[in-house]
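Residues per chain, in single letters:
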Amino acid sequence: SALALAEYIIVTCDSSSMISEAALTGKPIYIANILPNRNDKRFQKFRNLFRELKIIRNLGEEVENWNYEKLDETNRVAGIIKNKIFS
């Protein structure tokens, strides 16, 4: 419910699940970068993809609204499976 009420969402860079969940809203997501305790190449790759999709921006950039296609991978994949089963 907090995500539904928010105009902007701020998530720390170390949680791909929180970033993914926030991307379901279609709302602007800002990433708070923190120094990693260990190699975070997997997280970096994930964040780079979301940045390319124009879903996230870094906290500290100008606050503004932007749009992107909401991610709903559960329903997208369910549709693919349903088509495979019933075709």
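Everything discussed here concerns the structure shown above.
Colleague: Tell me about the packing of helix H2 (residues 16-23) against helix H3 (residues 41-52), and name the residues and values.
Modeller: It is the contact of H2 with H3, at a shortest axis distance of 11 Å, that shows an interaxial angle of 15°. Relative to H3, the element H2 is oriented roughly parallel. Regarding H2 and H3, the two cross each other, and that crossing is left-handed. Residues Ser16, Ile19, Ser20 and Ala23 of H2 form the contact with H3, whose own contacting residues are Phe43, Phe46, Arg47 and Phe50.

Colleague: How would you explain the nonpolar core if you had to name every residue and give the values?
Modeller: In terms of nonpolar packing, the biggest core is built from 16 residues, with Val11, Ile19, Ile29, Ile31, Phe50, Ile55 and Ile56 touching the most fellow members. For Phe50, the contacting residues outside a window of four places in its chain are Ile19, Ser20, Ala23, Ile55, Ile56 and Leu71.

Colleague: Outline H2, listing residues and values.
Modeller: In an α-helix, one turn spans 3.6 residues, which is why side chains three or four residues apart end up on the same side. For H2, the full list of buried residues reads Ser16, Ile19, Ala22 and Ala23. For H2, the angular spread of the buried residues around the axis is 125°, confining them to a single face. Looking at the buried positions of H2, the neighbouring elements they touch are helix H1 (2-5), strand E1 (9-12), strand E2 (29-32), H3 and strand E3 (56-58).

Colleague: So what's going on with the sheet that holds E3? Residues and values would help.
Modeller: Pairing is parallel in the open sheet, where three strands are placed in the order E1-E2-E3. Since the sheet does not close on itself, it has two edges, and those belong to E1 and E3, each with one partner. Sheet twist, expressed as the average angle between the axes of neighbouring strands with direction ignored, equals 35°. Strand contacts of H2: E1, E2 and E3, with the helix running at about 160° to E1, the strand carrying the most contacts.

Colleague: Run through the pattern of salt bridges, naming residues and quoting values.
Modeller: This structure, assessed with the given rule, holds three salt bridges. Ionic pairing is found between Arg47 and Asp40, a salt bridge with its closest N-O pair at 3.4 Å. Residue Asp40 is classed as buried on the basis of its relative accessible area, which comes to 13%. Note that Glu64 is salt-bridged to Arg57, the shortest N-O span being 2.4 Å. Given a relative accessible area of 33%, Glu64 falls into the partly exposed group.

Colleague: An account of the packing of aromatic side chains is needed here, citing residue identities and associated values.
Modeller: Under the counting rule described, the total for this entry stands at three aromatic pairs. Aromatic pair Tyr8 and Tyr30: ring centres 6.3 Å apart, planes at 55°, arrangement tilted. Placement of Tyr8 in the loop between H1 and E1 and of Tyr30 in strand E2 is noted, with a sequence separation of 22 residues between them. Take Tyr8: its relative accessible area is 30%, and that puts it in the partly exposed class. On the accessibility criterion, Tyr30 (2% relative accessible area) is buried. Taken together, a centroid distance of 5.2 Å and an interplanar angle of 80° make the contact between Tyr30 and Trp66 edge-to-face. Of the two residues, Tyr30 is situated in strand E2 and Trp66 in the loop between E3 and helix H4 (73-86); the sequence distance between them amounts to 36 residues.

Rules of the game
Position numbers for residues count from 1 along each chain, tracking the sequence in the order it is written. Where local features are concerned, this predicted model is filtered to residues with pLDDT of at least 70; where side-chain atom pairs are given and counted, the filter is 80 or more; whole-chain, interface and lining totals use all residues. Hydrogens and waters are ignored; side-chain quantities use all the structure's heavy atoms. Only C-alpha atoms enter the line fits that serve as axes; for helices the fit covers just the stretch in contact. Angles between N-to-C directions range over 0 to 180 degrees. Put simply, DSSP marks the helices as runs of H or I at least four residues long and the strands as runs of E at least two long, and each gets a number from the N terminus on. By the definition adopted for this analysis, an angle is roughly parallel if under 35 degrees, roughly antiparallel if over 145, roughly perpendicular if from 65 to 115, and oblique otherwise. Definitions for this section: a left-handed crossing has its near helix turned counterclockwise from the far helix by less than a right angle. A right-handed crossing has that turn clockwise. Note on definitions: a residue-residue contact is assigned when non-hydrogen atoms from the two residues lie within 4.5 Å. Buried residues of nine kinds, namely Ala, Val, Leu, Ile, Met, Phe, Trp, Tyr and Cys, make up a nonpolar core once their side-chain atoms join them within 4.5 Å. The classification of residues rests on relative accessible area computed with a 1.4 Å probe and restricted to protein chains. Under 20% of the type maximum is buried, over 50% is exposed, and intermediate values are partly exposed. What the arc describes is the spread of directions from the helix axis to the C-beta atoms. Two strands qualify as a pair provided that DSSP identifies no fewer than 2 bridges between them. What makes a salt bridge here is a side-chain nitrogen of Lys or Arg within 4 Å of a carboxyl oxygen of Asp or Glu, nothing more. Ring geometry is summarised as follows: Phe, Tyr and Trp rings, the Trp one being its six-membered ring, pair when their centres sit within 6.5 Å, and such pairs are stacked at plane angles under 30 degrees, edge-to-face over 60 and tilted between the two.

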